[in-house]
Amino acid sequence: MIRKLKEHQFLFEELVKRDFKKKYKRTVLGMFWSMLSPLLNLLVMALVFTQFFGRNAPHYIIYLFSGNIVMSFYKESTKGGMASLVGNANIFSKINVPKYLFLFSKNVSALINFGLTIIIYFIFAAVDHIPFHLNFFCLIIPVVCLVVMNIGIGMILSAMYVFFRDIQYLYDIFLTLLTYTSAIFYYVDQFKPVWKQRIFLLNPVYVYIKYFRTIVIDGNIPSLQFHGLCFFYALLFLGIGCWTYKHYNTKFLYYV
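Source: prediction; values computed, not measured.

## Concerning the overall build of the protein chain
Item 1. A tally of regular secondary structure across the protein chain gives 12 helices and zero strands.
Item 2. Scanning the protein chain from its N terminus toward the C terminus, one meets helices and strands in the order α-α-α-α-α-α-α-α-α-α-α-α.
Item 3. Burial statistics for the protein chain: of 256 residues in total, 46% are counted as buried.
Item 4. Element-wise, carbon and sulfur atoms account for 68% of the exposed surface of the protein chain, whose accessible area totals about 13,900 Å².

The following block contains the structure:
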């Protein structure tokens with residue numbers, strides 16, 4: 001895979017540039033929307049849940065922001081990846097190139113946007129008097145796991161979208177359900193008994209959100225078992241995605 005990426009490095013770079021430019025084409029603020037959009041979403045959520053629902057726990061804004069940026073990154077990566085094959089059918093139907101290049105370009109573009117948002121996230125943490133410490137470097141672990149998992153899920157979705165176009169509407173419904181079950185604006189510890197809290201760990205996006213909150217808000221490093229769960233979800237979906245691409249690779253051309 002690495003060898004093929006090097007062989008098609010120019011195409012890959014051009015795909016990333018195209019995806020990034022296309023997203024902000026004919027916009028006044030351009031790439032600044034990557035930072036402004038999550039801030040506006042955070043403002044709305046903070047207004048609703050702090051003023052109307054009386055949420056005034058310590059660092060609640062960062063609690064919201066942690067869930068919001070991880071979920072936004074997941075949505076952008078997987079929804080962009082879902083259309084990566086169909087959207088580039090005019091290229092790979094004429095030129096023999098690895099089809100995962102199109103998916104990777106979508107994920108790199110989403111990762112760049114996520115990186116811009118992280119800068120704002122750290123600024124908010126500083127304003128909220130959260131001290132910076134060496135544990136912050138551990139955040140690279142959930143980010144890498146998210147990237148790997150997003151690529152795997154993107155492979156699954158893009159393959160399904162080739163054969164079953166209705167998946168885009170079903171996935172939007174699924175994302176709504178996933179958002180409300182990822183504890184973005186409420187606390188999991190309010191659920192009793194404890195086994196109900198552990199059910200949330202079946203949601204991989206919540207696992208990565210919790211990792212962010214544990215590092216930034218609590219100042220602690222998650223347990224080895226929690227790290228194992230992060231790696232498990234990432235490798236599980238990547239494995240399923242790679243198998244899906246390998247199994248249906250020769251059939252994509254007949255349906256796009």
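That was the structure; now back to the text.
## Regarding the environment of I217
Item 1. Positionally, I217 belongs in the loop between α11 (204-216) and α12 (224-248).
Item 2. Exposure remark for I217: the relative accessible area of 23% places this residue in the partly exposed category.
Item 3. Distance in space between the C-alpha atoms of I217 and I62 is 7.6 Å, their sequence separation being 155 residues.
Item 4. Not counting the four nearest positions on each side in its chain, I217 is found in contact with H59, I62, Y63 and F212.

## Section: the side chain of H227
Item 1. For H227, the location among the structural elements is in helix α12.
Item 2. Among the residues examined, H227 registers a relative accessible area of 11% and is labelled buried.
Item 3. With near-sequence residues (within four places) excluded, H227 lies in contact with I141, Y211, I221 and P222.

## Concerning the packing of aromatic side chains
Item 1. Applying the stated rule across the entire model yields 21 aromatic pairs.
Item 2. Each ring, one from F185 and one from Y186, has its centre 5.4 Å from the other, and the planes form 75°; the classification is edge-to-face. Take F185 and Y186: they sit in the same class, and that class is buried.
Item 3. Measuring from centroid to centroid gives 5.3 Å for F191 and F200, while their planes differ by 50°, and the two rings are tilted.
Item 4. Classification of F191 by relative accessible area gives partly exposed; the value is 29%.
Item 5. Taking the relative accessible area as the measure of exposure, F200 reaches 13% and is therefore buried.
Item 6. Taken together, the aromatic side chains of F65, Y121, F122, F124, F132, F136 and F212 make up a single cluster linked through ring pairs.
Item 7. We note R165 situated over the ring of Y161; from NZ or CZ to the ring centre the distance is 5.5 Å.
Item 8. Stacked on the ring of Y63, the Lys or Arg R213 has its end atom at 3.5 Å from the ring centre.

Cut-offs applied
- Along every chain, residues carry numbers that run from 1 in the direction the sequence is written.
- A pLDDT threshold of at least 70 governs which residues receive local features in this predicted model, and a stricter bar of 80 or more applies before side-chain atom pairs are shown or counted, although totals over entire chains, interfaces and linings include all residues.
- Excluding hydrogens and water, the side-chain figures rest on all heavy atoms present in the structure.
- Here a strand is any run of E in DSSP of at least two residues, a helix any run of H or I of at least four, and the numbering for each starts at the N terminus.
- Any residue under 20% of the maximum accessible area for its type is buried, any over 50% is exposed, and the rest in between are partly exposed; the area is computed with a 1.4 Å probe on protein chains only.
- Here the open area of atoms and residues is found with the Shrake-Rupley method and a 1.4 Å probe, where only the protein chains shown may cover a residue.
- Contacts are residue-level and defined by heavy atoms, with any inter-residue pair within 4.5 Å sufficient.
- Only the six-membered ring of Trp is used, alongside the rings of Phe and Tyr, when aromatic pairs are assigned; centres must lie within 6.5 Å, and planes under 30 degrees apart are stacked while those over 60 apart are edge-to-face, with the rest tilted.
- Two limits define a charge over a ring: the Lys NZ or Arg CZ must be within 6 Å of the ring centre, and within 35 degrees of the ring normal.

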